[in-house]
Amino acid sequence: MIDPGSGVPAWRQMADDLRQRILRGEFAPGQRLPSEPDLGHEYGVGRTTVRRAVAALRAEGLIVVQHGWGTRVRPASETQEIAGESGMVVSCRMPTPEERATLGLADGVPMLVISTPDGFQDAYPGDVTHLRIP
């Protein structure tokens with residue numbers, strides 16, 4: 001699976017392949033991924049390469065790594081819909097650590113900041129919030 005002559009780092013190739021497997025449903029939400037040694041054996045790479053690939057997927061918010069719980073595909077979350085209104089401004093950015101904790105966001109998940117014409121501002125998880133424009 002890893003092509004050493006491709007010019008793409010092995011960890012990136014591995015992350016790309018695991019991402020596709022997750023998106024295809026080969027690894028379901030909440031399912032535990034194989035251990036680092038098993039992934040290294042499967043892809044024919046060392047532990048450092050496995051860790052870099054896993055870190056990339058974690059930064060994208062696709063997986064969750066917890067000590068004692070393992071590495072798992074991030075569970076699916078229910079979506080929420082926000083009704084847009086005239087003059088509303090929506091921006092997207094990465095949250096601060098405090099905002100991440102408050103919103104319960106996984107690593108790599110952005111947040112939407114919605115400002116209304118009257119000056120009210122609120123933040124929402126970017127991966128599960130849908131804005132409906134009338």
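Refer to the structure printed above.
Residues numbered from 1 in each chain as written. Predicted model: local features only at pLDDT ≥ 70, side-chain atom pairs only at ≥ 80, totals over all residues. Heavy atoms only, no water.

## A word on the environment of Ile 82
With respect to the element layout, Ile 82 can be found in strand S3 (residues 80-83). The class of Ile 82 is buried, set by a relative accessible area of 14%. With residues near it in sequence (within four places) discarded, Ile 82 still touches Ile 114, Tyr 124, Thr 129, His 130, Leu 131 and Arg 132. (Helix = DSSP H or I, 4+ residues; strand = E, 2+ residues; numbered from the N terminus. Buried < 20%, exposed > 50% of the residue type's maximum accessible area, 1.4 Å probe, protein only. Contact = heavy atoms within 4.5 Å.)

## Things to note about the environment of Glu 36
The residue Glu 36 is located in helix H2 (residues 36-43) in this model. Between the alpha carbons of Glu 36 and Arg 47 there is a distance of 6.6 Å; along the sequence they are 11 residues apart. In contact with Glu 36, other than residues within four places in its own chain, are Arg 47, Val 50 and Arg 51. Of the polar contacts made by the side chain of Glu 36, one reaches the side chain of Arg 51; its length is 2.9 Å. (Polar contact = N/O pair within 3.5 Å; in protein donor to acceptor, adjacent residues only side chain to side chain.)

## Remarks on the sheet that holds strand S5 (residues 111-115)
One open sheet holds the 3 strands; their spatial order is S4-S5-S6, and the pairing between them is antiparallel. Strands with a single pairing partner mark the edges of an open sheet, and in this sheet they are strand S4 (89-93) and strand S6 (121-125). The sheet shows a mean angle of 25° between the axes of neighbouring strands, direction not considered. Bridge analysis of S5 against S6 gives 5 bridges, and the strand direction is antiparallel. Bridging across to S6, Met 111 finds its partner in Pro 125. (Pairing = 2+ DSSP bridges. Axes fitted to C-alpha atoms, helices over the stretch in contact; angles between N-to-C directions.)

## Re the pattern of salt bridges
This structure, assessed with the given rule, holds 10 salt bridges. Taking the shortest distance from any N to any O, the salt bridge between Arg 21 and Glu 26 comes out at 2.9 Å. Given the relative accessible area of 9%, Arg 21 is considered buried. Across the salt bridge formed by Arg 24 and Glu 26, the nearest N and O atoms sit 3.3 Å from each other. Among the residues examined, Arg 24 registers a relative accessible area of 56% and is labelled exposed. A relative accessible area of 41% means that Glu 26 is categorised as partly exposed. (Salt bridge = Lys/Arg side-chain N within 4 Å of Asp/Glu carboxyl O.)

## Concerning the packing of aromatic side chains
Summed over the entire model, instances satisfying the criterion amount to 0 aromatic pairs. Over the ring of Trp 69 we find Arg 72; its NZ or CZ atom is 4.5 Å from the centre of that ring. (Phe/Tyr/Trp six-rings, centres within 6.5 Å; stacked < 30°, edge-to-face > 60°. Lys NZ or Arg CZ within 6 Å of the ring centre and 35° of its normal.)

## Things to note about the pairing of strand S2 (residues 70-73)
Residues in a regular strand project their side chains so that they alternate between the two faces of the sheet. The alternating pattern of S2 places Gly 70 and Arg 72 on one face and Thr 71 and Val 73 on the opposite face, and all of these are buried. Sheet topology note: the strand S1 (residues 63-66)/S2 ladder contains 4 bridges and is antiparallel. Counted as the bridge partner of Ile 63 is Val 73 from S2. Counting the residues that bridge the hairpin from S1 to S2 gives 3 residues, and of these Gly 68 lies at a positive phi of roughly 85°.

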